[in-house]
Each structure stands twice: as C-alpha cells, then as structure tokens.
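Below, each chain spelled out in residue letters.
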Protein chains: 4
Amino acid sequence: MNHDKNVTATVGHLIDGKIVHDGGRTQPVFNPATGQSTVSVELASKATVEAAIASGEKAFPAWRNTPPLKRARIMGQLKVLLEQNADKIAAMITAEHGKVLADAHGELQRGIENVEFASYAPELLKGEHSRNVGPNIDSWSEFQALGVTAGITPFNFPAMVPLWMWPMAVACGNTFVLKPSERDPTSALFIAQLAQEAGLPPGVLNVVNGDKEAVDTLLHDPRVKAVSFVGSTPIAEYIYGEGCKSGKRVQALGGAKNHAVVMPDADISNAVTAMMGAAYGSCGERCMAVPLVVAVGDEVADQMIAGLSAEIAKMKVGPGTDNSNDMGPLITKPHFEKVKAYVDSGVEEGAKLLIDGRSLQVAGHEDGYFLGPCLFDNVRPGMKIYQEEIFGPVLGIVRVKTLQEAMDLINAHEYGNGTCIFTRDGEAARYFSDHILVGMVGINVPLPVPVAYHSFGGWKRSLFGDLHAYGPDAVRFYTKRKTITQRWPSAGVRDGAVFSFPSSR
Amino acid sequence: MNHDKNVTATVGHLIDGKIVHDGGRTQPVFNPATGQSTVSVELASKATVEAAIASGEKAFPAWRNTPPLKRARIMGQLKVLLEQNADKIAAMITAEHGKVLADAHGELQRGIENVEFASYAPELLKGEHSRNVGPNIDSWSEFQALGVTAGITPFNFPAMVPLWMWPMAVACGNTFVLKPSERDPTSALFIAQLAQEAGLPPGVLNVVNGDKEAVDTLLHDPRVKAVSFVGSTPIAEYIYGEGCKSGKRVQALGGAKNHAVVMPDADISNAVTAMMGAAYGSCGERCMAVPLVVAVGDEVADQMIAGLSAEIAKMKVGPGTDNSNDMGPLITKPHFEKVKAYVDSGVEEGAKLLIDGRSLQVAGHEDGYFLGPCLFDNVRPGMKIYQEEIFGPVLGIVRVKTLQEAMDLINAHEYGNGTCIFTRDGEAARYFSDHILVGMVGINVPLPVPVAYHSFGGWKRSLFGDLHAYGPDAVRFYTKRKTITQRWPSAGVRDGAVFSFPSSR
Amino acid sequence: MNHDKNVTATVGHLIDGKIVHDGGRTQPVFNPATGQSTVSVELASKATVEAAIASGEKAFPAWRNTPPLKRARIMGQLKVLLEQNADKIAAMITAEHGKVLADAHGELQRGIENVEFASYAPELLKGEHSRNVGPNIDSWSEFQALGVTAGITPFNFPAMVPLWMWPMAVACGNTFVLKPSERDPTSALFIAQLAQEAGLPPGVLNVVNGDKEAVDTLLHDPRVKAVSFVGSTPIAEYIYGEGCKSGKRVQALGGAKNHAVVMPDADISNAVTAMMGAAYGSCGERCMAVPLVVAVGDEVADQMIAGLSAEIAKMKVGPGTDNSNDMGPLITKPHFEKVKAYVDSGVEEGAKLLIDGRSLQVAGHEDGYFLGPCLFDNVRPGMKIYQEEIFGPVLGIVRVKTLQEAMDLINAHEYGNGTCIFTRDGEAARYFSDHILVGMVGINVPLPVPVAYHSFGGWKRSLFGDLHAYGPDAVRFYTKRKTITQRWPSAGVRDGAVFSFPSSR
Amino acid sequence: MNHDKNVTATVGHLIDGKIVHDGGRTQPVFNPATGQSTVSVELASKATVEAAIASGEKAFPAWRNTPPLKRARIMGQLKVLLEQNADKIAAMITAEHGKVLADAHGELQRGIENVEFASYAPELLKGEHSRNVGPNIDSWSEFQALGVTAGITPFNFPAMVPLWMWPMAVACGNTFVLKPSERDPTSALFIAQLAQEAGLPPGVLNVVNGDKEAVDTLLHDPRVKAVSFVGSTPIAEYIYGEGCKSGKRVQALGGAKNHAVVMPDADISNAVTAMMGAAYGSCGERCMAVPLVVAVGDEVADQMIAGLSAEIAKMKVGPGTDNSNDMGPLITKPHFEKVKAYVDSGVEEGAKLLIDGRSLQVAGHEDGYFLGPCLFDNVRPGMKIYQEEIFGPVLGIVRVKTLQEAMDLINAHEYGNGTCIFTRDGEAARYFSDHILVGMVGINVPLPVPVAYHSFGGWKRSLFGDLHAYGPDAVRFYTKRKTITQRWPSAGVRDGAVFSFPSSR
C-alpha cells in the first residue's frame, strides 16, 4: 500500500517496546527542501492505537510502583543519550521539517531541558504533610500517577513538543501514548527508542503515528486518563471539548498571533535584531513567532522598517542542511500556497508590502517549498493578515500612537499566547506585563518561551484547560491528588496491657 | 406568580450589591421537618443571570488591582461576622435543609475554615522567581485572576459548599456568580450579604437563584471563565462537558459511594461509633457519607452489626431544631420516596434488612420527610443499593474474606470519592492508602474530609477536571499563570554616556 | 527602691499569665517630649528571668500538642483586639518613645501584619512528604517546635519588633520569653496581655523587663533554645557569639547605614518626598532609615539639595501627641547628646552643614529631647557621619560620578541592611539589585521593609545568622526539622494468616 | 619532611585548579587493614589555606553570575564521571578507611545522590514573587550566593560527607574550600579533580588537607562566609562557637548515640537483620549507627539476643578489599585501643558481655586494626558504654518495660541524631515519631538517613545551628535572602509626553 516506488523506509509505531508495522494505511513524508518523499509513515488503525493503550495499561502498575528516583534517573540517562545523538536527531528534523540544522539543534536542546526537568521528579512530586490537623490526626497529600496518558503533537517542533509532555508524564509514574505529527514523525520515534535504551521499560512509552482515526481513538478510549495537545486553535478546541466530554483531563494549546510592542525609548537596533529571529526564524512556523510589530509612534515605525529592511536584504534562504542559510522551506506545498495567499490578501486589503518574498527561487531546489521573507507596513486590525495566524515568514508593522493603544489591540485579539515589549523604562514594562492579557510576556525578550523549570501556556483562545505545559504545571497535570487523613486508635501495643498478647500468638 | 398564599418571603438575587427581584418564575422552598413552605425562591431568567455576570465583569478591573492583602483582610472580617451570626445561619440551614442544628453549626464551621484559608491569599498567590535563567535574563510567574467565575452548589451543604468556592475565587482577584441550590437558598444569600458588610465591593460576589436556565446561562456565557460545580455525577458530567466545550476551565464534583473497610484488628467499638455518624449523620445526605461497611471476616461483620444495632436502637429522629435529635428529615418528599424505594429494592435483591426505618412516624411532624435509619446485611456488588448513591440513612454491610478483596471491590466501583480503613496495623493502612483508587482516604477516620488547607476531591467518576476543590488546588484553579521573561538592554542610564542626556531634556 | 516620688506606675513582668513585681531594681522611663518620668520599669533579676523560662518550659508540652489551626486562630483573635486597642497602644508608644502618633499607628499596623502572617500557620507548617523513597518506604519532614524561645527587642519600635518575633514563634508551637527595651516597655507588655485575652494560655508568652542581667540569663540558660535579637551591631555580635557558644540557634539583627542612590533619570520630586520620610521619619531612629543620599552627578545632588531644603523648611517638630508635627523628640537625653556630637564631628571633618537643627527649641517642651533636622552636603567615606549609624535626623549627601561608584561605596560599607535606587531605567535597577551587597533593596521605594509575608534581614554586619526575621524564614527559625522514614513489615494483618489471632484476644 | 621511606605518594591540595604541594608538614595515612602507610598527606599551613580562600574569592564573581542551569549541568556531568569512576573511588576509600568495598560503593552512591540533588538547582533556587504588595508595588526574594564557603569533614565517610556539602554550595553559586579528614584524604581530592573535569572552573572548589591550623584559618578568615562541619560533638561545639563568634553562619553536626526500640509486636527476625547492619556495618563508625537496642519486655530482649547471637556467629571480619567480609578494621590504632577500652569499661560497670570480639585475629593481617563484634546485655543509663559514642562494633541491649520508658531514656540522652522503632502498630509508631526528641526517626527502618532530597540533621547536641545538612535546608544554608521591593514612577515613557524626547537624543 506504499504510495511511491521511491519509498525506502516506512515509519511504524512503537508498541510495548517493539517497532510495529500494522500494514494499514500510509502517507508520504516529504522533504520540504526538495519536495521529494523517500519515506512514508503508517497511519495507525483504531486497533493499533488500542494495542498501544493496552500496552500502557499493562505497564502501569509496575511503573507507578517504581520509586520516583529510579524513574528520574532514566531521564538523566536519556539526557546523556540525546546529547550523544544530537547531530543525528537534528538531521532527522531538518530532513522532514526543513528548518536549518542550527535551529534543529536549538529545538532539541530545549527538549533536552524538559528531560532535565523531569529528572528532578523526586523533588517535584513531594506532597504536603500536616501533623495534628486535629488532636493526634495527621493529613497529607500525595500526587499519584493517573494511568495511561496521551499526547498529540504538531509538525513545527517534531522533537521538542513531544519532550514537553511524555518525560514529565512518565517521571510522574504514568505510561504514555504519543501521536506525533505525521508530517515529520521520525525524530520522535527515534527519541522514544533512545528512552528505552536509557532504561524505560516496554509499554511505558508507546508511539503511534496516524491521523484523525488515531486521535479520536485516544480521545474516546476510557483507559486514557489525560490528553495533552499542541496544534491549531480549531483542533485544540475540538480536542478539549471531546476529551472533556469523555471525562478526561485535557490541556490543549492552540494558535497565536504574537505582537511585539516597540516603544520610543527602545534600543532600536536591538529590537531589529530580535525581531529578525522572532519573525523569520524557522520560517515563522512557531507558536511563539512574532509576526506583528506594534510601533509606538511613526518615528519608531520608520526606524524599525529601515533596520528590518537592511537585515532582510542580507538574509539567505535555502535548504536547512546548509547552516549558512538563515531560513529553510515551509513544511508542505499546501502550506506554502496558504501563506502565499495570505500575502496576496494583505496586499488586497491595503497593507503596504515593502518586501515581497513570493517570487523567491532557490537554485537547485526549485521543487522545495521556499518562500522569501515578506514585510508589510500599515497592517491594521480587521485585515486577515492581522487577525489570523499565518505560520510563515511574514512580518507586519502596525502603527499606533501610545502604549495603551498597543495594549488595547493585543487585549482585543482572539489569541493570547506570547507578546513582548521593547523599552528601557521600568514603569512601561511593569504596566504592560501586569495588564496584558497574554500568558507569556517578554520584556526586551522577543520569544519569551519560559525555561523548562517554569511552564508554557497562553491565555484566551491560545490554551484550553487550566494547567500549562511542562514545568511545575505539568507535574500537577500528570498527577492526581490523594489526601490521606490518619488517626490511630489509642489503646494499642504501646500500653502495658499489650504484654499479655505476645504470649498468645 | 407565587405558588402559595402562605408564602411570607421570596428569596431573590444579589446583583451589583443589591437584592434584586426580577418578578419571574418562582418555586416554593419547603421545610422538610414540616412539609410546609412559607418561603419561595425566584428562578432567575437568562437576563437576570446575564445582569449578574455583567456586574462581575464591571467590578473586575478594580478588584483584580486591589492588593491581595486587602482582599484577604475582607475574608478575615467575614470570618468574624460569620462567627457572630452563626446561630442565625444555622437556623436558616435547619429550616430549609432539615439537618440538626448542631450539624448545621458544624457545616458552617467547616465553611468558615475555607474563609480563613482564603485570608492567607498573600502567601498563597506567591509566584516563582528565577534570577539569571540566562545571562542577565530573569523570569518569574504570576498567578493572575481569571475574571468572572461561577459556582453551582448542591442542597446538602447550603452554606459550606458555596464557601468552598467563592472566598478563594475572590481572594484571588476574581469576581463570582454563585447559583446556590434552589431547595435551600437562604443561608448562601445571607452570607453573601455579610461579605458585603465585611467590605466586599458590589459586583464582586453576585448570587442568582435558579434552575437549569440559570445554569446553562453560566455555562455558555463567554464572559464566565471558570465554573465550579458540586452535585450528582450525571449533572457533573454535563457541566464538565458543556463548560469545556464553551472553552472554560471547569471542575465538577459528582457522586460517591464510600466504603469503610473494617479489619480484624480494628478497635471495633471505635469503628461502630465512627460509622454511626458517617452513615446516618445529616441523614446520609453527604458526598462523604459512608453507606457501606466492608467487613473483613464474618467475625468482624457480626461484631459490627451487633454494635451498630445497639447504637441505632438509641437514635432519636425528629426535627433538626431540637438538638437532642440525632437525625432530621430528608430534603424533599420526592427524595424521601426515592430513598424508600432503594430500601425496597435492597430487600428484593436479597440483601438482609436488619433494621427497617421505613415506617417511622415522628409525632407532631407527620408531614415531615422522616425516614428512620436502615441497616442491611449481605449487601453485594451488583445490587442497586451497592452500586448507586442513595443519599439517605441506609447502611449496608458487605462481607469479604481479605483486605485485597475489599480493595478490589472499591477499585472496581464507579465512584472514588472517599474511603476509610479501620485497623491498628501500619502496613495494612499504608498498602490501602497507596493502592486504593480513591481521592480521600481515612485511616481510622470515617469521613476523611481534608482540612481547609488541603484540597477536596475524588477520583474516577466522582470528579471531572484536574484540580480539586478548595485549599491549594483552588488557588491554581482560580488563577491563570503568567510567565514573564525580562532582559534589559545594556546601554542605559548606568553608563557614563548618560550624562549627556539630562541636560537635553 | 523607686527612683522618684513622681512615679505613678511601675512596669513589671508577665510570668505564667500574671503580672509580677519582683521588688528588685528599677529604672525610670522618661517621656522624651517632656524629659519627665512618671513611670519606672523593673529590671528582672536572674531568678525572675528563670521563673519566666520555667513557666515557658511548663506550658510547652500542652501548647506544642495544640493543633496549629487552634494556635493560629488565637493570632486571628489577637489581630481583632489589636485593632480595637490601636489608639491606646499608639498613645503608649508616643508617651515613651516620642514618635508622632500617626507614626506609632503605622508601627502598630506593621506589627499587626505579622500577627496576620502568624495566623497562616497551618499552611506555613506543612512538611514535605515523599511516597516511595525506596520500594514501599516513605519519608516526610515535620517542622516541630523548639521549646522555650526568647526575643530581645530595641526601643525604636517598641510594639512592632516584638510582634516580628513571638507571634510566629508561638504559632509554631513554641513558648516565648520576651525582653522588650527598658526605655519604652509598656506597649509590649500590654500587647502580651491582649494575647492572653485572645486565648493564649498562661506561660506561652512571658515578658520580662530588664537589662544585661536579664539578657545574659536568656543567653546562657540551657532551656532557652533560640534567641532572636534586634539592636545595635556590637550587641548583636555579642548576642550571636554568646548564644551560639551556648549551643543555641541565634538570629541577631544589628545596625545599618542605608544609602539611597539617585540617578540622573530619576523623578527628582518623587525622590525628595521619599527621602524626607526616609531620613527624618521617627527622627531617623529606624534601622531602615536612610541617612545618606548618593547623588550620581552634581546636577542631581544640587537638585536634591534644593528640593530637600525646601521641604525641611516646612517641617514641624514637636511632641508626638500632636499629629500635625512631622517629627518628635529623640529617645533619651544621652542619645540626644550623641547625635548632636555626630553633627559636630561632621562639621569638623569637613562636610558642609547646610541645615543645622542643633539649636532647635520647642516652646513649652524645653526639657524634651528635640533636635531639628540636619542636612549635610559633601559627606565622604571615612567621615564618622558616613561610617557610623547615627540614629538621628541627620541626612548627608554624597556626590559620585557613576552608578558603579555609588555601588562600590555601598558594597564597601560595613553594613548591608537596606538600600534603594531612584531611577526610571529597568537596566540600572536590575544591575543594582543583582550586584548590591545589601539584604533589602528598594527600587524607587525608600524604605524597602519587606511585607510580613516576606522576610526582613540585612547582609554583612547588619545580621548575624542565616535566617531572616519574620515571614517564611521565621517559620524555619522557630522550628526544627524532623525527618521520618517509614517501612512496614510485610507480613501483617493484611494476610490471611491474620484470621487466627482475633480469636485469641 | 616525609615521615617514612616507604612513602610512595604525598597527597597535596587542590588550589585554583592545580594540585599544590606546599612542602610543609606531612602526616602518614595508614591502611587500617595492614597497619602500613605508603601514603602521606600534607598538612596545610595558614598561608596555604589562605591561598585556597583567595582562589575562591577570585573565582566567585564569575561563578555567581553563571546561570544556575549551567552550574547545575556541571553537577549532572560530575554524576556521570562518578559513576564511571566508582570502582576506583571505592578502592581509595577501602584502602584508607578500611570499610568493605561494597560498603564503600554504598557510600559513594549516597554521595552521588547529593550531586544529583544539586543538579536540581534551577528549581531549588526559585524565589517568591508577589505582585501588588501595595498598589503597583511588587516584591520578591532571591536566594543569592554567599561567597567563599567551607566544609570540614570526618574520616568515616571520606567521599560522601564532602558530597553532602560542596555540590550544593557551588550549585548555589558559592565557591568552596574543603578540608577533608587527614586520615583518608585521597578520595575527596580525586572527586574534586573529577569535578573540574566535569567543567567546574578553577577556584570554585579548592581542597586543603590539614589539621587544626587549617581548621582555625577557615574559622577565622573573614572571607569565609559559612562553615559546614561534620565530626564529633566537642569539635562541633568548638566550630560552632568559634565560627559564630567570627560572625559566620555555621552548621556543625556532632556525635550520636542512636537507640533502636523493639516493641513486643515487632517482626523480630526483621529487627535482628536490620540491627546487624545498623550496629556492625562499617564497624559502627557511622553517626547513624545503632549501638543500642532498647527491648520492650524481657521476652523481646531474649529473642533479640538469640537472633543477634546467631547472626554474629556467622559474621566474617577481614580486609575490606574482600567483599565476602562483613566488616573491616577500625580506622586507626588509637581508635582501636579506645573502642577496646570501652568494652573493658562495660564489663567493669556491670553490663553482661555476651559476645567478646576483643581477641579477634585476622590471619595475614595481624597488624590491622581489627576488632570482632561485641554484644552486651543489661546495658544501663549511666554506664560509659551507654552514655558515650563508641564508634565501634559494640552493640548493647537495654531492657525496659514500656515504650514510654524507652522514650524517656532516649529523650534524656545528650544526643538526638537518629532513632528507630520496630513495631507493626500504627499508633505506637506515630506516638514515637511525634514525641521523640530526635531529628531522624525510622519506623522499621534502622538507619533513617534521609534521602538526598530531604535533609540530614539531629537534635540536641548532635547538631549546632538551625539548618540541616544537604537537601532543601542546604539550599537555604548556602544562600542569603535578598528581598527587593519595586515601584516605578508613574510619569514615564508610557505617557504621551514622551514623544517629545526621542527627537532630542
């Protein structure tokens, strides 16, 4: 049932410690820099997903009884293996996602930090103990594992986002079924195999590749207790609604439209440099990418445009395997078309396209999905390129007169994932961070992705659920609280009377 | 539209600091000890609920900006007022719910403890601060208020369960719309008025009485960010599914069927005393009531039956206004019929009815909903009285041979709210608490309701959501995490260069 | 043995719940606004102090067994009583210390906040619980009370500093012996009596008035487990050395010389206003007072001087009982002479005395210890008025060229209690707060006294010990960690074999 | 100046990243299994120690500025190296200390766990952040490094106890000077070199070998901010008194006399097995060794003696290099004589010596310091072998009638390091753990050494200071709290007025 005679490998599933090919439906995996596919991925049937869940169910009792310290040490060992295999994993990412190798390494490094945090599990799983909640009554909480948990992850960080989820989930004593993106499935599967090499017992982490059939099986199977999702907002909303209707706990992270406010007192050259990476890094295919600069005052807008234009002129776009490139291709042909259409719509709706990347050709990679960097001025609320998440290398300048105006825009937007402000002024920064309706706020930091020991999550329609991803919130998400209250009867072995009974035993 | 000419009072709503009567539908509130109604309750229309939500929305900005310490102090002041008004509130509870006055006082006291915990808000709202997450980059988390939040509470603890919710919600900076049970709405409304007397600004806490129309309005209005619910499992499941589909965070606590395991080494007389309160207190109308004794060994079963029978013989049933009574009436006529039908079904399904309270008559209160205590032996899984939550004064003995058998029963049951074990043995207690699939575990404590500084919540179909009620989990439920990452540009006022610019200002 | 026939009252001790007069040595307590004394204070003998310690020792077992919630509630009740008696306590403070009534109220309010924090004890005393530190082995920590603890407090905050100490100590389950300053002992004793009215059992809090004999008894008696001290650095050092040599835990807070750095971009008028209170409030008799402005750039220095001079010209000095006064008298005649001598020495060492308060006369209070506000320019390191803590209304301007120079000065000074910076610049503030060797740092906050739910303490020779005063650190200081590791033998009542033994009992 | 011509190696110091031999005094290091010395250790002069301190002082600024995550990762890398070098380190320990290789491996493993905990530093160093402590005022705490810190460690765990201290100290950003025991200095020095290989910069960890001259230099040098000590109580007391008099923070862990209570309901065979290791493991040279069994009831005493005697008969004593041995030699000839003298005194004071190990000869190791296991019955308070810490393979049985009597004995003893109880009874265990005046309590756990993520410390004269060793307390010990309070002036860049100034720059 393979799609193409050039296919040299088929990515299967990892179930109960073994790679499984169920012989069902497959789908090609493309190299976005060439537009070619030599790999196909299997799309798990309901039965295959159920086998993965069953494997997790079977592995759970022994794993939850394994002391946290032992579970944590496997994470420590995995960290070592990930570092040793970093080049190999980065190459896998670049081959399927297209991002530049250095960026793939950066992604992996962020993922490793989540493994590192999971290795703190003995500290993180401490419950609260209260002696004498009443006379001679004690009470304490424990954070116990849930059972089988699941994660559904997006194409844009094929190695990192899975590592946001399952290391903490398994360190907490759960077992896990991961469904990575079917567009770039190789690295997540490889890392799962490394985890087994690091000591994770079979069945603790299962990987199924697939599409909606796999997703729906995970959402509706009563053995799955929790679902973590990262993807677009419409799917996040579906996952949250369906998963919760099935009685599960769900955290579903969706889309974003992150604004960077640049104040008149900002270090403009610093802001320009920061924005280059934030807007065009990984082709803008990041939920923390910043596709909008909100310039406070025309002078700021003009300076930013001047600086950005100069930098864009120096940008090099080409295959991610060449680290001298600044930007690789978009993920798929349809996505490439979609982003291009956004640029068209921006022009139609009256934004001023200062730099047009639509006609870019990368020599020797004519079939790759390359789009050059685009820069718009005069982007305004209401335009599609203002309202919607583009996920491409398209940056728009919005002009406002005051910080308050900038904040009103941001607070009115449907998404509330990330934002940042460039300023030197303590008061502006504090007012902004206090009052902005966004979950992750940068002050002179363009991509305020929290470090692994804090948690990741947006507000408004960027996240459904109450607990954020990774970090301390993940510990709470992947455990349930048990509260024990204990009083002992008073007349026991401690009393003199007790001396009569040893003889009678 | 009042139902009855004897009605002397109509319970309205509290919106924007004022008692509101919207002149819409009403419903009688009965005194279960007499079967009479002199009070009716208004059932809020969608518009009335929306007015309450709007009031919360309006009050929010100023309230979330009020320092936590000030918000907390209002809780401290409320505590004082609740203590001063305790007799009055207990009388309200007894008049509408039926429970004995002493029990109403006990309920209120538990509620006050939640107010007390809410007064710790400055400590509880601390975020985590990390200097140097990277060179000269700092990051910290804040736990910010959500906006308008809502609570829907059951009849069985008309004063306490509302106090599980809104004091912590408002101490965290939210505003709140409470919809108490329409069967006994008076005390919750009165307490809300006390809160205003304590200093809560208008609109921070609104109370709407009502039925499904009110509930659905709260579930679907996008201005409501979070919903807390306590009630039966089918409704909890509905609330969770609907609320989440609307994109909200929801915690929904449902039903229970709590088992008490009595081990051969238990202090039997202590277990008997404990079980009397746990089974018959408040007529069994508690989600932490214990309607099942699982006796390990026939000897234990026989001893428990002997002890319980002797105690039941001494029980006094009558109106809750007389503190010498041990038990008052059930909440409503239909509920009375339903509980009686459960007893009938137990007999039909082959359980042995040792003590039959069905024919109880309370002199002078012939129209009250009084049911005498019932005791069954030989209750077995599969029987309706084993599987379902009765919420009445019906205790069943289940006989098993080992602790493992007892635990298998509990772990197989649909509910996982509370459970307890009576034993002197450290190992048995530890094995039980570690492996039982129940959220609140008592060791020689029949009703292991966590104290206010721990959190309340069951497992399995007893709770939908990830965060438990009150205590530390409530802080997390009623706040959203904001993570701020901060770096300052280096060339600033600190450098010598700076000396040129003051002169130019 | 009374010193004076005008004495109308003698302040005794509170031991075992009763006011005790041991008939020993006494000393007059002066009203610094009049120079008169109508009150004397007893100076406890070693035997009296030992009686207080014995009382604490006797009260300890029952008190440490009292559930934390009950102990905490007494603190809640004390808070209510303190608020009700605020005017009375403020008057006591003003009569003996001299500060203006409004300032006395402010002091009391800060003390009440510590009582409030102590009322969070159930939350604060939670230990850490770890299930499965090894297979079926659990471990948890408890924070248990120490026994008899003691506090020795200074004259400058006669009500507040005692409330930094004993409420948390007793909320943690300790008993306490307080030795307030013998210069203004009345308010602390009165508050201790209120605590008993609030429900504190006799012996839990004892108060002894006295001098070195009392102090040394507390330091050397082996029954005293911990000593908290606030006072001057030489005494703090003595207390720390002696107390530790006796094997106790000790925290000893000493002197300060707090610098305020004013940057060229600061809001100067805000800085001037802030400095007026910081320098002259309570006559500068505060360990968080700011007697030094470090102006970065001469322009800043000149602006600050202009602003301060204008404000000083408006200041009103007189008895604290008149709330229209800005400043009252110094504490004692000798202290008045000492401060005056510091001003003399500043002139001699070459600082420029811009405003000279030495000749101030307050009409009708010619015997009061009033000194007018003094302002120096050109204060330089090495001068006595730069190096030493004056504890009087003497403010000096130090001129530097850069922030780094300002910070080098501060970091080189012997003390490191508090400091602040006035700036608008985020980077300057962050660099300052990161690198300054001072325990309490204000950014545009002149007196960065931490709120009650954080902790108070300086660095370098301003604090000896490792844990700061009040707040979270106080919880750790007043408790000792106990770590329990638990494993249960496997063959117990849970096994079938157990069924043989109930019959043999 | 070498003592002996057989010396083949001289153990020097590690200063500023290099092994240093200062050519000063030396002392032989003996192999206790042979009584021979082929290694000598240098005894650092004051100047050498000062050089180490200076090196730490120099390395401090860069190291404290290194992000915690980077510091933590070096600990992660050190863990890997320690595991790789485990056999080599264990051999070093056995050669100088004498303990059996398996025991040396166990010691190292415990030490590695402390390195592991130190690698959690980013999580552990989080401060507390409070938004809006007042209107628009924020406050937060940071836990900053102290500077140069020092540790002085005992012979009995030459690898582990240093790892209790410096990994956490340096992970917190301090630099460290370690003075290991001069009796077995090799492994600590080797591990320090591994730490450098793992990435620790020169000067962050310095090691000086030495005696009182080195110790006193560390105690009195003002550049050393904190001292951790583990050793005997008289020295601990000296260190605490002297160090505190020098104004430092000090934690000094001293001696122990740990009692194991065996209850009538205990699993006796389990208790016997547990006691064999607890009493004779590592020759009893552990501060957590249990040299006293307190048997509740004569029956228990007799059963314990029968069980222990049978086990002792099977014990094998010989060189630690042979893993089939249960016990190796004592540390030195003088210590061997001292322990023997304790056994003599026990006999003289009337205890009944059931098993006498004094005449043991190990064939081929006649010059080794081998003492056979000794067992006393009828040990009583007042006897030297009851009161004093023997640190040898001498176990005594104390007979009591009730648990209370056992607890009274323990609570009256000068030491309070560790204790344990053997019972099946929940109430007895809870009563014991609540009321016993001992810092580390085992319930059926003979050596309740807290795991690395809890903290280690005794009560009474077993520990001087307030914070325990390693775990969470170590984080607090090796950091000082800085509290920052921040308010920004309101009229800033955010206002419209700001638009005038960019043009003027």
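Residues numbered from 1 in each chain as written. Chains lettered and ligands numbered in written order. Predicted model: local features only at pLDDT ≥ 70, side-chain atom pairs only at ≥ 80, totals over all residues. Heavy atoms only, no water.

## Remarks on the pattern of salt bridges
Here is step 1 of the chain: Within this structure, the stated rule accounts for 128 salt bridges over all chains.
Here is step 2 of the chain: Here Asp103(A) makes a salt bridge to Arg286(A), at a shortest N to O gap of 3.1 Å. Of this pair, Asp103(A) sits in helix α4 (residues 101–118) while Arg286(A) is found in the loop between α10 (268–280) and β14 (292–296), placing the two residues 183 residues apart along the sequence.
Here is step 3 of the chain: Arg399(D) is the salt-bridge partner of Asp302(D), the closest N and O atoms lying 2.7 Å from each other. With Asp302(D) in helix α11 (residues 298–314) and Arg399(D) in strand β17 (residues 394–400), this pair connects stretches of sequence that are 97 residues apart. (Salt bridge = Lys/Arg side-chain N within 4 Å of Asp/Glu carboxyl O. Helix = DSSP H or I, 4+ residues; strand = E, 2+ residues; numbered from the N terminus.)

## A word on the relation of the copies chain B and chain A
Here is step 1 of the chain: For these two chains of identical sequence, chain B goes onto chain A by a turn of 180 degrees and a shift of 0.0 Å along the axis, with RMSD 0.0 Å. Classification of the inter-copy transformation places it as that of a two-fold axis.
Here is step 2 of the chain: The fraction of interface residues of chain B whose copies in chain A are also interface residues reaches 100%, indicating that both copies meet through the same surface. (Least-squares fit on C-alpha atoms with pLDDT ≥ 70 in both. Contact = heavy atoms within 4.5 Å.)

## A few points about the nonpolar core
Here is step 1 of the chain: Ranked by internal contacts, the top residues of the largest apolar core, which has 321 residues, are Trp166(A), Trp166(B), Trp166(C) and Trp166(D).
Here is step 2 of the chain: Not counting the four nearest positions on each side in its chain, Trp166(B) is found in contact with Met75(B), Leu78(B), Phe176(B), Leu178(B), Ile191(B), Ala195(B), Leu200(B) and Leu205(B). (Core = buried A, V, L, I, M, F, W, Y, C linked by side-chain atoms within 4.5 Å. Buried < 20%, exposed > 50% of the residue type's maximum accessible area, 1.4 Å probe, protein only.)

## Thoughts on the state of the cysteines
Disulfide: a covalent bond formed between the sulfur atoms of two cysteine residues.
Here is step 1 of the chain: Considering all chains together, one arrives at zero disulfides over all chains under this definition.
Here is step 2 of the chain: Considering cysteine sulfurs only, Cys244(D) is the nearest to Cys244(C), which forms no disulfide, with 3.3 Å between them.
Here is step 3 of the chain: Given a relative accessible area of 1%, Cys244(C) falls into the buried group.
Here is step 4 of the chain: Cys172(D) takes part in no disulfide bond, and the closest cysteine sulfur to it belongs to Cys244(D), at a distance of 20 Å.
Here is step 5 of the chain: For Cys172(D), a relative accessible area of 2% translates into the label buried. (Disulfide = S-S within 2.5 Å.)

## Observations regarding the relation of the copies chain A and chain D
Here is step 1 of the chain: When chain A is fitted onto chain D, the two copies agree to an RMSD of 0.0 Å after a turn of 180 degrees and an axial shift of 0.0 Å.
Here is step 2 of the chain: Both copies present the same face, since 100% of the interface residues in chain A are matched by interface residues at the equivalent positions in chain D.

## Focus on the interface of chain B and chain A
Here is step 1 of the chain: Taken together, the contact between chain B and chain A spans 64 residues of the former and 64 residues of the latter.
Here is step 2 of the chain: Buried surface at the junction of chain B and chain A, both sides included, amounts to about 5,400 Å², of which 51% is carbon and sulfur.
Here is step 3 of the chain: Taken together, the links from chain B to chain A amount to six salt bridges.
Here is step 4 of the chain: A salt bridge links Arg476(A) to Asp473(B); the nearest nitrogen and oxygen atoms lie 2.4 Å apart.
Here is step 5 of the chain: Our count for the contact surface shared by chain B and chain A stands at 35 residue pairs in polar contact (both at pLDDT 80 or more). (Buried area = accessible area lost by both parts, 1.4 Å probe. Polar contact = N/O pair within 3.5 Å; in protein donor to acceptor, adjacent residues only side chain to side chain.)

## Let's talk about helix α2 (residues 68–84) of chain D
Here is step 1 of the chain: Taking 1.5 Å of rise per residue, the 17 residues of α2(D) would be expected to cover 24 Å, and the 25 Å separating its terminal C-alpha atoms lies within 8% of that figure.
Here is step 2 of the chain: Taken together, the buried positions of α2(D) are occupied by Pro68(D), Leu69(D), Arg71(D), Ala72(D), Ile74(D), Met75(D), Leu78(D), Lys79(D), Leu81(D) and Leu82(D). (Expected span 1.5 Å × (residues − 1).)

## Details of unusual backbone geometry
Residues and elements named next belong to chain D.
Here is step 1 of the chain: For Asp16, which is not glycine, the phi dihedral falls at a positive 55 degrees.
Here is step 2 of the chain: The topology assignment puts Asp16 in the loop between β2 (13–15) and β3 (18–20).
Here is step 3 of the chain: By relative accessible area, Asp16 is classed as partly exposed at 22%.
Here is step 4 of the chain: One non-glycine residue, Cys283, adopts positive backbone phi at about 60 degrees.

## Describing the sheet that holds strand β1 (residues 9–11) of chain C
All names here are of chain C.
Here is step 1 of the chain: Taken in spatial order, the three strands make up an open sheet running β1-β5-β4, and their pairing is mixed. Edge positions in the open sheet fall to β1 and β4 (26–31), since each of these has one partner strand only. Taken over all neighbouring pairs, the strand axes of this sheet differ in orientation by 40 degrees on average, direction set aside.
Here is step 2 of the chain: Relative to strand β5 (residues 36–42), β1 runs parallel, the two sharing three bridges. Residue pairing across strands places Thr10 opposite Ser40, the latter belonging to β5. (Pairing = 2+ DSSP bridges. Axes fitted to C-alpha atoms, helices over the stretch in contact; angles between N-to-C directions.)

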